[in-house]
Amino acid sequence: MLKLNEFLFNYYSGMIYAYVVLILIFIMESNMIKHKKYFKMAALSAVLFCSTGANAASLQNGDFSSGFNSWGGATLEEDPDDAFNSILTNVTPSTAPNFSITSDDKAKLTTTYDTNGIFAVDLFQEFTVQSLSSPLNTLTLGFDYTAVLDDVDDEWLVQLGTMAYYYTDADSLSGNILFDITSYAGQNVDLLFSLSNNAGGDDSLTIDNIEITQSQSASPVPEPASIFLLGAGLFAMRRKFS
C-alpha cells in the first residue's frame, strides 16, 4: 500500500510538473509574440517620424516599372544578444535582400527570421496627395496584393497618414484593395506597406499597381419636393413676364 501511494504521488507530481512546464512555454511564446508586435509598432512610429515633412511630389513609380526608385525601406530584426530587444535598420530596397522585383514588375517583401532574425519589412514613400478639382470629387487609393502568411499571428498592413488597416492570414490573401482617401487631398503623407512575421516560418507580401484615382461626382439630383418648387418658380416667372 505504501509503495502504491508513493507511486501515485510520483506520478501526479510528474504530471503537475509537466503541465507547469507547458504553461511556462506557452507564456514565453505568447510574450515573444507580444514583444515582436510591440517593437513592430515602435518601428512603424520611428519610420514615419523620420519623414522629412517637406513638400513632396505626387505618388511616384506605383507600378514598380522603375524598380524601387522613389521608395524607402526598413527592416526590424531580433537582437542576437537579447531576444526581447529589436534592431531597426533603414535600408535601400534596391540593394537589400528582403526586397525584390518579380519578373512581372511587382514589389516583393520577404521576412528572413529563420536565417538572420529579420521578422519585419517595411516599404514606404512620402508624397503629396493631389488636390480636388471639385469639392464634390473623391480620391481613392488602390493596389493589388498577394500575401503568403503561415501563422494566425502573422500580419501585414497598409498605412496612409494616420489611417492604417491590418490584415492576417484569416483575410483574403490576394486581390485588389480600395480606400477612400478624400480627407487627405492636398496633404503631405507617408504611404507604408509593412509585413510582420510574428510566429511560424517566413512570410512574403507582393504589391503592385498602386495608384490614386480622382472621381468626378455627379451633381446631386433634386428631391421631388425641390423639383416641384423649382417648377412652380419657373411657372410664376412665366406668368409675370407674359
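Scoring rules and cut-offs
Residues numbered from 1 in each chain as written. Predicted model: local features only at pLDDT ≥ 70, side-chain atom pairs only at ≥ 80, totals over all residues. Heavy atoms only, no water. Helix = DSSP H or I, 4+ residues; strand = E, 2+ residues; numbered from the N terminus. Buried < 20%, exposed > 50% of the residue type's maximum accessible area, 1.4 Å probe, protein only. Contact = heavy atoms within 4.5 Å. Core = buried A, V, L, I, M, F, W, Y, C linked by side-chain atoms within 4.5 Å. Phe/Tyr/Trp six-rings, centres within 6.5 Å; stacked < 30°, edge-to-face > 60°. Pairing = 2+ DSSP bridges. Axes fitted to C-alpha atoms, helices over the stretch in contact; angles between N-to-C directions. Salt bridge = Lys/Arg side-chain N within 4 Å of Asp/Glu carboxyl O. pLDDT = per-residue confidence, 0-100.

Trainee: How should the overall build of the protein chain be read in this particular structure?
Mentor: Counting its secondary structure elements, the protein chain contains 3 helices and 11 strands. Along the protein chain, helices (α) and strands (β) appear in the sequence α-β-β-β-β-α-β-β-β-β-β-β-β-α when read from the amino end. Expressed as a percentage of the 242 residues in the protein chain, the buried residues total 34%. Excluding contacts between residues fewer than 6 apart, the proportion of contacts in the protein chain whose partners are at least 24 apart in sequence is 73%.

Trainee: What's the story with the nonpolar core in this structure? I'm lost.
Mentor: Across soluble globular proteins, nonpolar side chains show a tendency to be buried alongside one another. Counting residues in each nonpolar core, the largest one holds 36 residues, and the members touching the most others are Leu123, Phe143, Trp156, Ile181, Leu191, Ile207 and Ile210. Contributions of two or more residues to this core are made by β4 (107-110), β5 (118-128), β6 (138-148), β7 (155-160), β8 (163-168), β9 (174-180), β10 (188-196) and β11 (204-215). Counting residues per element, this core draws most heavily on β6, which supplies 5 residues. In contact with Leu123, not counting residues within four places along its chain, are Phe64, Phe68, Trp71, Gly72, Pro93, Phe99, Ala107, Leu109, Leu191, Leu192, Phe193 and Ile207.

Trainee: I tried to follow unusual backbone geometry on my own but got confused; where do I start?
Mentor: Peptide bonds are mostly trans, and most non-glycine residues show a negative phi. One non-glycine residue, Phe64, lies in positive phi territory at about 60°. Tracing the sequence through the fold places Phe64 in the loop between α1 (2-49) and β1 (72-79). Residues other than glycine seldom take positive phi values, yet Asn209 does so here, at roughly 55°.

Trainee: Explain the packing of aromatic side chains here, please?
Mentor: Aromatic rings in a pair are described by how distant their centres are and how their planes are angled relative to each other. Taken as a whole and assessed by the stated rule, the structure comprises 11 aromatic pairs. On the basis of an interplanar angle of 65° and a centroid distance of 6.4 Å, the ring pair of Phe143 and Tyr145 is categorised as edge-to-face. With a relative accessible area of 7%, Tyr145 lands in the buried category. The interplanar angle of 10° and the centroid separation of 4.3 Å between the aromatic rings of Tyr165 and Phe179 together place this pair among those described as stacked.

Trainee: How should the environment of Leu149 be read in this particular structure?
Mentor: In this fold, Leu149 is placed in the loop between β6 and β7. According to the relative accessible area criterion, Leu149 is buried, its value standing at 11%. With 19 residues separating them in the primary sequence, Leu149 and Thr168 have C-alpha atoms 7.5 Å apart. Every residue in contact with Leu149, bar those within four places of it in the chain, is listed here: Asp154, Glu155, Trp156, Tyr167, Thr168, Asp169, Leu195 and Asp203.

Trainee: For this particular structure, what's the right way to read the pairing of β1?
Mentor: For a regular strand, the rule is simple: side chains alternate between the two faces of the sheet. Across the 8 residues that make up β1, a large majority, 7, are buried. By the bridge criterion, 6 bridges tie β1 to β5 in an arrangement that is antiparallel. Bridging across to β5, Gly73 finds its partner in Leu123.

Trainee: Can you walk me through the sheet that holds β4 in this structure?
Mentor: Sheet strands associate in pairs through backbone hydrogen bonding, adopting either a parallel or an antiparallel arrangement. Pairing is antiparallel across the open sheet formed by 5 strands, whose spatial order is β3-β4-β11-β6-β9. Because the sheet does not close on itself, it has two edges, and the strands there are β3 (99-101) and β9. Neighbour-to-neighbour, the strand axes of the sheet open up by a mean angle of 25°, direction not taken into account. Here 3 bridges tie β3 to β4, and the two strands are oriented antiparallel to one another.

Trainee: Help me understand the pairing of β6 in this model?
Mentor: Relative to β11, β6 runs antiparallel, the two being bridged by 10 bridges. Paired with Thr140 across the strands is Thr213, a residue of β11.

Trainee: Even after reading the chapter, I still don't get the pattern of salt bridges, so can you show me in this structure?
Mentor: Any two side chains of opposite charge can pair, so long as their charged atoms come close to each other. Under the counting rule described, the total for this entry stands at 1 salt bridge. The salt bridge involving Lys106 is made with Asp104; its shortest N-O contact spans 3.6 Å. For Lys106, a relative accessible area of 29% gives the class partly exposed.

Trainee: So what exactly am I meant to see when it comes to the confidence of the model for the protein chain here?
Mentor: When pLDDT is averaged along the protein chain, the result is 77; 66% of the residues meet or exceed 70. Of the regions scoring below 50 in pLDDT, residues 17-39 engages in 19 contacts with residues more than four places distant in sequence or in other chains. Throughout residues 224-242 the model reports pLDDT below 50, and contacts reaching past four residues in sequence, or to other chains, amount to 1 contact.

Trainee: Any chance you could explain the environment of Gly186 here in plain terms?
Mentor: Considering the arrangement of structural elements, one finds Gly186 in the loop between β9 and β10. The partly exposed category is assigned to Gly186, whose relative accessible area is 40%. In the structure, Gly186 is positioned 58 residues away from Thr128 in sequence and 6.3 Å away in space, judged by C-alpha atoms. If we ignore the near neighbours within four places in the chain, the residues touching Gly186 are Thr128, Val129, Gln130 and Ser131.

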